[in-house]
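# Residue-level structural notes
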Amino acid sequence: QVQLVESGGGLVQPGGSLSLSCAASGNIFSVNVMGWYRQAPGKQRELVATIRRAGITNYADSVKGRFTISRDNAKNTAYLQMNSLKPEDTAVYYCGADPGVYCSGYGCRYWGQGTQVTVSS
């Protein structure tokens, strides 16, 4: 089993920045891909960004150029730096992890509890 704990959400004004962290524990050697996903009220959970253990990244078109995913394998932690935030980025952000090379908005084997990000003036 793998446990994921997110931190770093909060309230920010449009155009501002936030950084999220996802700390993994347990059988972390079974994990390859880690990612960030978000779910806004009344919408499906969607992929934001993923990163494999080797550092290969993937982003949703809506966040390219604004968000950066990174990973510290020694600390078993993934990060999401979010810049130029927009009101439409408001959602609960979830960390997901999987032994495979990719997992979709509902396909990861392991999930964190989620952290709220609100972008509002």
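Below is a summary of the structure that appears in this document. (Residues numbered from 1 in each chain as written. Predicted model: local features only at pLDDT ≥ 70, side-chain atom pairs only at ≥ 80, totals over all residues. Heavy atoms only, no water.)

### Remarks on empty space enclosed by the protein
The following threshold applies: The definitions used throughout rest on a 1 Å grid laid over the protein atoms alone, on which a cavity is an enclosed set of points accommodating a 1.4 Å probe that cannot get out and a pocket is an open set flanked by protein within 12 Å on both sides along at least five of seven lines; lining residues are those having an atom within 4 Å of a point. Grid points are joined across faces, edges and corners, and a volume is the space filled by probe spheres set on the points. When residues are grouped by polarity, Ala, Val, Leu, Ile, Met, Phe, Trp, Tyr, Cys and Pro land in nonpolar, Asp, Glu, Lys and Arg in charged, and all others, Gly among them, in polar.
Taken as a whole and assessed by the stated rule, the structure comprises one cavity of 30 Å³ or more. Considered as a void within the structure, the largest cavity measures approximately 50 Å³ in volume. As for the largest cavity, its lining consists of Ala 24, Ile 28, Val 31, Met 34, Arg 53, Arg 71, Asn 73 and Asn 76. Here the lining of the largest cavity is built from residues that sort into four nonpolar, two polar and two charged.

### Describing the nonpolar core
The condition is simple: Remark: nonpolar core denotes a set of buried residues (Ala, Val, Leu, Ile, Met, Phe, Trp, Tyr, Cys) joined through side-chain atoms within 4.5 Å. When a residue's accessible area, from a 1.4 Å probe over protein chains only, is under 20% of the maximum for its type it is buried; when over 50% it is exposed; and in between it is partly exposed. The secondary structure listing takes helices from DSSP runs of H or I that are at least 4 residues long and strands from runs of E that are at least 2 residues long, numbered from the N terminus.
Leu 4, Met 34, Trp 36, Leu 80, Met 82 and Tyr 93 are the most contacted members of the largest nonpolar core, which has 30 residues in total. Secondary structure elements with two or more residues in this core: β1 (2–7), β3 (18–26), β4 (33–39), β5 (46–51), β7 (67–72), β8 (77–82), β9 (91–98) and β11 (115–119). Residues Val 33, Leu 47, Cys 103 and Cys 108 belong to the second largest nonpolar core, which totals five residues.

### A few points about the sheet that holds β3
Definition in use: For two strands to pair, DSSP has to find at least two bridges joining them. The axes are straight lines fitted to the C-alpha atoms, using for helices just the contacting stretch, and the angles between their N-to-C directions are given from 0 to 180°.
Taken together, four strands build an open sheet; the order of strands is β1-β3-β8-β7 and the sheet is antiparallel. Each edge of the open sheet is held by one strand with a lone partner, namely β1 and β7. Neighbour to neighbour, the strand axes of the sheet diverge by 15 degrees on average, direction disregarded. The pairing of β3 with β8 spans six bridges and is classified as antiparallel. Considered in β8, the bridge of Ser 21 is made with Tyr 79.

### Topic: the state of the cysteines
Note the threshold: What counts as a disulfide here is a pair of cysteine sulfur atoms lying within 2.5 Å.
With the rule as written, the count across this model stands at two disulfides. Each sulfur of the disulfide joining Cys 22 and Cys 95 lies 2.0 Å from the other. Across the S-S bond of Cys 22 and Cys 95 the torsion is about -80 degrees, and the bridge reads as left-handed. Taken together, the positions of Cys 22 in strand β3 and Cys 95 in strand β9 put the pair 73 residues apart, joining distant regions of the chain. Assessed through its relative accessible area of 0%, Cys 95 is described here as buried. With its sulfur 2.0 Å from that of its partner, Cys 103 forms a disulfide with Cys 108. Residues Cys 103 and Cys 108 are joined through a disulfide that is right-handed, its torsion about the S-S bond being 70 degrees. Each member of the pair, Cys 103 as well as Cys 108, is classed as buried. Once the disulfide-bonded cysteines of the chain are ranked by sequence position, their pairing pattern turns out to be 1-2, 3-4.

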